[in-house]
Amino acid sequence: GVGYFQLFRFATWKDTAIMVLGGLCALIHGAASPLMLLVYGLMTDTFVDYELEVQVLADPNKTCTNNIINWLNGSIFQQADNTTVALNIEAQMTMFAYYYVGIGVGVFILSYFQISLWVLAAARQVQKIRKTYFRKIMRMEIGWFDCTSTGELNTRISDDINKINNAIADQVSIFIERISTFIFGFMVGFIGGWKLTLVVVAVSPLIGLAAGLMAVARLTGRELQAYAKAGAVADEVLSSIRTVAAFGGEAKEAERYDRNLVEAQNWGIKKGTIVGVFQGYLWCIIFLCYALAFWYGSKLVIDTKELSPGSLIQVFFGILMAAMNLGQASPCLEAFASGRAAAKTIFDTIDREPEIDCFSEEGHRLDKVRGDIEFHGVTFHYPSRPEVKILDKLTVHVKYGETTAFVGPSGSGKSTAVQLIQRFYNPGEGMVTLDGHDIRGLNIQWLRSLIGIVEQEPVLFATTIAENIRYGRPGVSMEDIVKAAKEANAYNFIMDLPQKFETLVGEGGGQMSGGQKQRIAIARALVRNPRILLLDMATSALDNESEAVVQEALDKARLGRTTISIAHRLSTIRNADVIIGFEHGRAVERGTHTELLAKMGIYYTLVTLQNQGSDVTSDMVKQSRCIIVYFSYYLLFAESALQDSEELVEAAPVARILKYNRPEWPYMLLGSLGAGVNGSVNPIYAILFSQILGAFSVTDLDQQRSQINGICILFIIVAVTSFFSQFLQGYSFGKSGELLTRRLRRMGFQAMLKQEIGWFDDPRNSPGALTTRLATDASMVQGATGSQIGMIVNSLTSIGASLIIAFYFSWKLSLLVACFLPLIGLSGAFQAKMLTGFANEDKEAMETAGRVSSEALANIRTIAGLAKESMFVDLYERQLEAPYRAAKKKARVYGICFAFAQCVIFMTYAASFRYGGYLVNNEGLHYMLVFRVISAVVISGTALGRASSFTPDYAKAKVAAAQLFKLLDRVPQISQAGGQKWEGFKGEIEFVNCRFTYPSRPDIQVLNGLVVSVKPGQTLAFVGSSGCGKSTSIQLLERFYDPDDGRVLIDGYPTGNISVPFLRSQIGIVSQEPVLFDCSIGENIQYGDNSRTVGMDEVIAAAQKAYLHDFVMSLPDRYETQVGAQGSQLSRGQKQCIAIARAIVRNPKILLLDEATSALDTESEKEVQAALDEARRGRTCMVIAHRLSTIQNADIIAVMSQGVVIEKGTHEELMAKKAAYYKLVTTGAPIS
């Protein structure tokens, strides 16, 4: 990792000065508590002397005049040690009170500076790190981004830099302060009395060890690991919820999830036990130390007279304080360690020199550019996949002013060639030249300013249309923008929008349709007035109408520029000047459309294939890619909208949380008992402690010894008791909490599986979000029950017992001290709030900056292509101003809170001891009781603070519980229970006027009055372009959704009234991307029927029907072969066959085939097709297909468009009609 001091490498001399000053303050502040002990010790001595004197004066023969004690007969009384001075206790106490106030004020000032200076310095450095880091990322070459995910970069910018911040801010000063207390505590001890110090030092490592162990025991990482297995199950099930629902596997999955929860539960119980043991050990050791120290100390006071009672106290507490502070300094080390780890990745990036630096000013700028581009033997690998050769000695010449088209199968290096022209990458061998100059010698920003690019999925930024076009060239006027928009055929649709050019396009351009985004992107490319225009499949993602419009715009734009166009649809490139055919990273042929057709090479095959409509798939793939990208933007957009809506959950009532924990009441009772005993330990300590001080003023030595020994034995008893009660509390609550967590997880998971499919479409309920909800919410709820109750019982007994003791012995003094109680409690709460509260405010302040950075990183290629990096860097730096100001303000607020919390206790002591002195003097109160009352109340105060410090957990727990209950209470719109069943299911299907929109996209009408019916045993085939509602009709039949209007009838019964499990048990489905589970092949096939156990012979029979058996027998493990996550160990054809076997095992009356063969190559397709024909026998079947060859033998073919059937009949009938279907078959136009 990074060395600790290297974390400060961005500190200026001013920052260093601030930190040194803050460090000094912390050092001196650390000495305050030991200093207070000196005063405390002196004060104890004063009280003891006074008490002895009172006892002397109790002798009727003595009197006190002028503070000198005389015998009545006039001679001067001499004490055993020859002092003759009597005490004016009030005057003494006033002096001590001033000492205390002085220390208190000093502490206030010191701790304010200590915290605020460090936080300020850290804020300045972190601001600098953020700027440097982001600027450096924006300078990196594209290859670096290929190897680093943007999500990871975003977390680094936020979380990792926050970790560095934690490691160089207030933690440092607190660490310095604690270490300083540790050193000064020992010094006070040694000054007071070295023998006792050495005895206590001998045992203090045990205390330090216990405190250290406590910090370690908090590690929850293992718990999450233990949950990981169950989490993986949940993730797998939720990601493939449609398959689970279709095959009725809900109960089976819930069972499997629950089995995997056992491990997490056991580990949790273990953790509770360990924490209990450690806590018990800690308290036990502390009390045993008390016993030892007081016993040996009293020997030194009474027998050898080496120590005064005051110095005994001073030594003992000095060492105790030192040991505790050393223990508390260890959490700081944790923050330092995680800061160093986080800094490693960040500093590595900052120190990395980009291979292609877009900010550099070097390189030539040519005076005149023609636009001749040439590739000379270029070989290239992507840095992220060095083993795949993309370009292989590519040599191509693109003449200026001509339109050159690159064609070829996917992965043949066309897009890569375009990216090399933009110099996103440097070629491995060979070179790319512009007008004969190697582009590596040209200035990057200037080179990119010559190039306009329109990509397949244009990226727009979340601002207005005009701004988006302006990104093309800095400082363009509105006229230029309008002109570019007109050239791009975008002007008319922009003027139709209500805000015209000021319309916001939404995140990632989400508010615009594909065609509109494409035209805005073209306008953005044209406004640059580029010499070179690169069109990377600029129209492939569009439907035919928009394609024509965009194509026209592109044809306008190409005039007089060097244009390189990549396309899959050959219709778009017939009119190019030169067509270059690519294959395996080489240019294998060039010429015009007619020349190349004559050559019968690659181009010829592509053209003929397309005419048969088999290039559909590659177009399909491109399309689906576009949709996915769009969808992920949609998710991002939804996410940001979500954050607001999530917070509105009302906290759940505690009573309801406890209801779920009812079966564990014996554990809870035991735990509370333990907690009660633990709470009373501190007040008992107050009694014993003051009793010892009292023992020193007993004049008879033997009585004094026996008293002290008795007290030491009591200490030992308390020690042993507290060990057992702490253990009891930890174990009982750990167990009850873990059982609750498991129960809630299981119930939550079952509730999720009960929901209708539409619920999962909501981005809030994506599989990722749901699994995290199961993982974290359930374990957070624990915070509201077990340990929380323990904490509350503990604090309440502690406070109650302390107050009872205090008021019993002296109500006047107790009242005075109680006045300070709220302040002490407040300071405890403050410290808790400081740790939690500021973190959230920081996060909010960083959010806007985070948006800028994530938008920039997600669209880095577009930004690089437009050479707009510096603009985003400036924007980001502007966004950082607000959080920086907030951080500076925080430094001050935080400092004051901290200072207040630190000095309250000193003020309390000052007031109480002064008044205690008054009471001792005027009302004859025994000084022992003064100590007893004060320590009892102060102890209850700290307990109060502790109780309040647990509230953040508690609030979180209630919100988490509310989220879970919302889930448990939600009534699914399509319920699993109830409904009709009947004998003799035939499988007649009828759709009557179905209208439907997806709940997550209510504005898009998918089905628009669908009417179609199938007789039992017939095969119905749906064809039509994508998005016309083919798959939707299948989902309505499975009853994943209900139609908004109209009905789906099965055997004449409306689906709404049929029992869902019954309906689904009659349907088998094979989808385009079959979902397999991470278990063996045999288990995957058995999944077809979850209502019974499927025997192995049935599995084999089904596998034979699906042409799968021979393949399986060739595997070493046969049916026991694991298929891997999502079936990754198998090829697509094999997965498809397993899915078919799974559907056959179900023995359904209705078989649904959703593009079951579209993803396969020709070989596997033949086999799968044969398997499907076998499976269709004697069943009602609905087929959706893109390849027309697969559906020619269907009984009814229905052609769909925009949610209605436009024509239906057999293949022959429809061909005779010469309408839509005929067109599809003959032109081979992609059906999708």
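Residues numbered from 1 in each chain as written. Predicted model: local features only at pLDDT ≥ 70, side-chain atom pairs only at ≥ 80, totals over all residues. Heavy atoms only, no water.

Enquirer: Even after reading the chapter, I still don't get unusual backbone geometry, so can you show me in this structure?
Expert: Glycine aside, residues mostly have negative phi angles, and peptide bonds mostly take the trans form. Look at Arg423: it is not a glycine, yet its phi comes out positive at around 60 degrees. Positionally, Arg423 belongs in the loop between helix 12 (414-421) and strand 6 (429-434). A positive phi is found at Asp435, a non-glycine position, where the angle reads about 50 degrees. Within the secondary structure layout, Asp435 lies in the loop between strand 6 and strand 7 (437-438). We classify Asp435 as partly exposed; its relative accessible area is 22%. (Helix = DSSP H or I, 4+ residues; strand = E, 2+ residues; numbered from the N terminus. Buried < 20%, exposed > 50% of the residue type's maximum accessible area, 1.4 Å probe, protein only.)

Enquirer: Can you help me understand the environment of Asn1057 in this one?
Expert: Among the structural elements, Asn1057 can be located in the loop between strand 17 (1053-1054) and helix 34 (1060-1065). Owing to a relative accessible area of 41%, Asn1057 belongs among the partly exposed residues under this scheme. For the pair Asn1057 and Gln980, spaced 77 residues apart in the sequence, the C-alpha separation amounts to 6.1 Å. Once you skip the residues sitting within four places of it in the chain, Asn1057 turns out to touch Gly979 and Gln980. (Contact = heavy atoms within 4.5 Å.)

Enquirer: Would you take a moment to explain the pattern of salt bridges for this structure?
Expert: Where charged atoms of side chains with opposite charge meet at close range, the side chains can pair. The tally for this structure, following the rule as stated, stands at 20 salt bridges. In this structure, a network of salt bridges that share partners links the residues Lys136, Arg139 and Glu353. (Salt bridge = Lys/Arg side-chain N within 4 Å of Asp/Glu carboxyl O.)

Enquirer: I would appreciate a short explanation of the packing of aromatic side chains in the present structure.
Expert: Within a pair of aromatic rings, the relevant descriptors are the distance that separates the centres and the angle that separates the planes. Going through the model one piece at a time under the given rule, you end up with 34 aromatic pairs. Both rings, one in Tyr290 and one in Phe294, keep their centres 6.4 Å apart while their planes meet at 45 degrees; by these two values the pair is tilted. Placement of both Tyr290 and Phe294 in helix 10 (residues 250-302) is noted, with a separation of four residues, approximately one turn of the helix. Each member of the pair Tyr290 and Phe294 is classed as buried. The residue whose ring lies beneath Arg9 is Phe347, and the NZ or CZ to ring-centre distance is 4.6 Å. If you follow Arg932 out to its NZ or CZ, it ends over the ring of Phe809, 4.6 Å from the centre. (Phe/Tyr/Trp six-rings, centres within 6.5 Å; stacked < 30°, edge-to-face > 60°. Lys NZ or Arg CZ within 6 Å of the ring centre and 35° of its normal.)

Enquirer: Before we go on, may I ask you to explain the environment of Tyr660 in this structure?
Expert: Relative to the helices and strands, Tyr660 resides in helix 22 (residues 654-660). Taking the C-alpha atoms as reference points, Tyr660 and Leu739, separated by 79 residues in sequence, lie 9.9 Å from one another. Ignoring any residue separated from it by four or fewer positions in sequence, one finds Tyr660 in contact with Leu740, Arg743, Leu744, Met747, Phe965 and Leu968.

Enquirer: How should I be thinking about the sheet that holds strand 13 (residues 989-997) in this particular structure?
Expert: Strand pairing in a sheet relies on backbone hydrogen bonds, with the paired strands running either antiparallel or parallel. Ordered by their spatial adjacency, four strands build an open sheet running 14-13-16-17, and the pairing between neighbours is antiparallel. Each of the sheet's edge strands pairs with one partner strand only, and the pair in question is strand 14 (1005-1014) and strand 17. By the bridge criterion, seven bridges tie strand 13 to strand 14 in an arrangement that is antiparallel. Bridged to Cys994 within strand 14 is Leu1010. Helix-sheet contacts for helix 33 (residues 1030-1037) involve strand 13, strand 14 and strand 16 (1045-1050), and the interaxial angle to strand 13 is about 110 degrees. (Pairing = 2+ DSSP bridges. Axes fitted to C-alpha atoms, helices over the stretch in contact; angles between N-to-C directions.)

Enquirer: I keep staring at the nonpolar core and nothing clicks. Help me out?
Expert: For soluble globular proteins, the rule of thumb is that nonpolar side chains tend to be buried together. Counting residues in each nonpolar core, the largest one holds 93 residues, and the members touching the most others are Phe347, Ile373, Phe375, Phe406 and Leu434. Element by element, the count of residues in this core is highest for helix 3 (residues 89-139), at twelve residues. What Phe347 contacts, discounting residues up to four positions off in sequence, is Val2, Gln6, Leu7, Arg9, Phe10 and Ile129. Grouped together as the second largest cluster of nonpolar side chains are 81 residues, Val48, Ile103, Phe294 and Val937 included. (Core = buried A, V, L, I, M, F, W, Y, C linked by side-chain atoms within 4.5 Å.)

Enquirer: Got a minute to help me understand the pairing of strand 8 (residues 451-454) in this structure?
Expert: Consecutive residues of a regular strand have side chains that alternate between opposite faces of the sheet. Side-chain alternation along strand 8 places Ile451 and Ile453 on one buried face and Gly452 and Val454 on a second face that is also buried. Bridge analysis of strand 8 against strand 9 (residues 532-536) gives four bridges, and the strand direction is parallel. Following the sheet pairing, Ile451 is matched in strand 9 by Ile532.

Enquirer: For this particular structure, what's the right way to read a positive patch on the surface?
Expert: Taken together, Lys14, Arg885, Lys888, Lys889 and Arg892 make up a surface patch of like positive charges. In terms of residue count, helix 30 (residues 869-923) provides more of the positive patch than any other element does, four residues in total. With respect to the helices, strands and loops of the structure, Arg885 is situated in helix 30. (Patch = residues over 30% accessible without salt bridge, like charges linked within 9 Å, V, L, I, M, F, W, Y side chains within 5 Å. Areas by Shrake-Rupley, 256 points an atom, 1.4 Å probe, with all protein chains shown as cover. Lys, Arg positive; Asp, Glu negative; His and termini not counted. Charge placed at Lys NZ, Arg CZ, Asp CG, Glu CD.)

Enquirer: Would you explain the sheet that holds strand 9 in this entry?
Expert: Reading across the sheet, the six strands line up as 8-9-10-5-11-12 and stay open at both edges, with mixed pairing between neighbours. Sheet topology places strand 8 and strand 12 (586-591) at the edges, where each strand pairs with a single neighbour. Shown here is a sheet whose adjacent strand axes are inclined to one another by a mean of 20 degrees, direction ignored.

Enquirer: Would you mind going over the side chain of Thr908 with me for this structure?
Expert: Tracing the backbone shows Thr908 in helix 30. Judged by its relative accessible area of 0%, Thr908 is buried. Setting aside its immediate chain neighbours within four residues, Thr908 contacts Val817, Phe820 and Ile824.

Enquirer: Even after reading the chapter, I still don't get helix 12, so can you show me in this structure?
Expert: With seven of eight residues buried, helix 12 lies mostly within the body of the structure. In the stretch just after helix 12, Arg423 is the one whose phi turns positive, near 60 degrees.

Enquirer: Sorry if this is basic, but what is going on with the packing of helix 3 against helix 6 (residues 170-192) here?
Expert: Each pair of packed helices can be described by the angle between their axes along with the distance between the axes. Packing of helix 3 against helix 6 leaves a shortest axis separation of 8 Å and a crossing angle of 145 degrees. The hand of the helix 3/helix 6 crossing is right-handed. Residues Gln114, Ile115, Trp118 and Val119 of helix 3 lie in contact with helix 6, whose contacting residues are Asp170, Val172, Ser173, Ile174, Ile176 and Glu177. Among the residues forming the contact of helix 3 with helix 6, the class breakdown is six nonpolar, two polar and two charged. (Left-handed = near helix turned anticlockwise from the far one by under 90°. Nonpolar A, V, L, I, M, F, W, Y, C, P; charged D, E, K, R; others polar.)

Enquirer: Honestly, the packing of helix 10 against helix 24 (residues 701-754) in this entry has me stumped. Any pointers?
Expert: At a minimum axis distance of 7 Å, the contact between helix 10 and helix 24 shows a crossing angle of 170 degrees. By the angle between their axes, helix 10 is roughly antiparallel relative to helix 24. Counted by class, the contact of helix 10 with helix 24 contains 30 nonpolar, 15 polar and nine charged residues. (Parallel < 35°, antiparallel > 145°, perpendicular 65-115°, else oblique.)

Enquirer: What is the right way to read the confidence of the model for the chain from this model?
Expert: Keep in mind that low pLDDT regions are not for reading the predicted coordinates in detail. Across the chain, the average pLDDT comes to 76, with 82% of residues at or above 70. Mean pLDDT values over the elements of the chain span from 38, in helix 21 (residues 616-646), up to 91, in helix 1 (residues 13-30). With pLDDT under 50 throughout, residues 612-648 is counted as low confidence; its partners more than four residues away or in other chains account for 48 contacts. Below a pLDDT of 50 lies the segment residues 1228-1232, which in the model reaches 21 contacts outside its immediate sequence neighbourhood of four places, other chains included. (pLDDT = per-residue confidence, 0-100.)

Enquirer: Can you walk me through a nonpolar patch on the surface in this structure?
Expert: Taken together, the side chains of Val101, Val105, Phe108, Ile109, Phe113 and Ile896 present a nonpolar region at the surface, about 470 Å² in accessible area. The leading source of residues in the nonpolar patch is helix 3, at five residues. With respect to the helices, strands and loops of the structure, Ile896 is situated in helix 30. Classification of Ile896 as partly exposed rests on a relative accessible area of 45%.

Enquirer: Which parts of the structure should I look at to understand the environment of Ser940?
Expert: Take Ser940: it is sitting in helix 31 (residues 927-949). As a C-alpha pair, Ser940 and Thr797 span 143 residues in sequence and 9.3 Å in three-dimensional space. Residue contacts for Ser940: discarding those within four places in its chain leaves Ser798, Ile799, Ser802, Leu803 and Leu821.

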